[in-house]
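Residue-level structural notes
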Amino acid sequence: HRTRFVDELHHIHLALFHEVITFRSDWPDAPIAFLRLSRFYKPQAREAAVEGWHVNEIAGQHLHLITHPQKVTKLVLDALDRSGVT
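Definitions and cut-offs
- Residues numbered from 1 in each chain as written.
- Predicted model: local features only at pLDDT ≥ 70, side-chain atom pairs only at ≥ 80, totals over all residues.
- Heavy atoms only, no water.
- Helix = DSSP H or I, 4+ residues; strand = E, 2+ residues; numbered from the N terminus.
- Rg over C-alpha atoms; globule rule 2.2 N^0.38 Å.
- Contact = heavy atoms within 4.5 Å.
- Areas by Shrake-Rupley, 256 points an atom, 1.4 Å probe, with all protein chains shown as cover.
- Lys, Arg positive; Asp, Glu negative; His and termini not counted.
- Charge placed at Lys NZ, Arg CZ, Asp CG, Glu CD.
- Buried < 20%, exposed > 50% of the residue type's maximum accessible area, 1.4 Å probe, protein only.
- Pairing = 2+ DSSP bridges.
- Right-handed = clockwise from strand over helix to strand, strands pointing away.

1. What about the overall build of the chain?
Within the chain one finds four helices and two strands. Mapped from its N terminus to its C terminus, the chain presents α and β elements in the order α-β-α-β-α-α. Computed over C-alpha atoms, the radius of gyration of the chain comes to 15 Å, more than 25% over the 12 Å expected from 2.2 N^0.38 for 86 residues, which places it beyond the range of a compact globule. Across its three principal directions, the C-alpha atoms of the chain cover 40 × 30 × 20 Å. Sequence separation of at least 24 residues holds for 34% of the intrachain contacts in the chain that already meet a minimum separation of 6. Put simply, the chain shows about 7300 Å² of open surface, and 57% of that area lies on carbon and sulfur atoms. Counting 10 positive and 10 negative side-chain charges, the chain places the centres of these two groups 10 Å from one another.

2. Overview of the pairing of strand S2 (residues 54-57)
Because side chains alternate across S2, one face comprises the buried residues His 54 and Asn 56, and the other comprises Val 55 and Glu 57, none of which is buried. Two strands pair when backbone bridges link them, and strand S1 (residues 33-36) and S2 are joined in this way by four bridges, in the parallel orientation. Within S2, the position partnered with Leu 35 by the bridge is Asn 56. For the segment spanning S1, helix H2 (residues 42-50) and S2, crossover handedness is right-handed.

Below, the structure written as structure tokens:
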């Protein structure tokens with residue numbers, strides 16, 4: 001499965017991983033959460049927490065969604081539950 005996955009990957013320019021993610025203070029009043037899967041997004045997770053977002057953090061890797069889908073799904077469902085989304 002891994003070989004097939006790797007064979008089907010598209011080239012991604014390195015600059016994509018340096019893109020700055022900004023938060024908008026005027027987002028609508030709706031449940032929101034931040035799921036941090038890798039250490040590279042710690043600053044954004046801290047900022048999300050300051051903004052009052054529910055934050056789930058794990059010591060994963062950039063592709064944790066693919067390598068550990070059950071664990072990530074559980075975290076997403078937990079975030080939805082904590083946010084009151086049904």
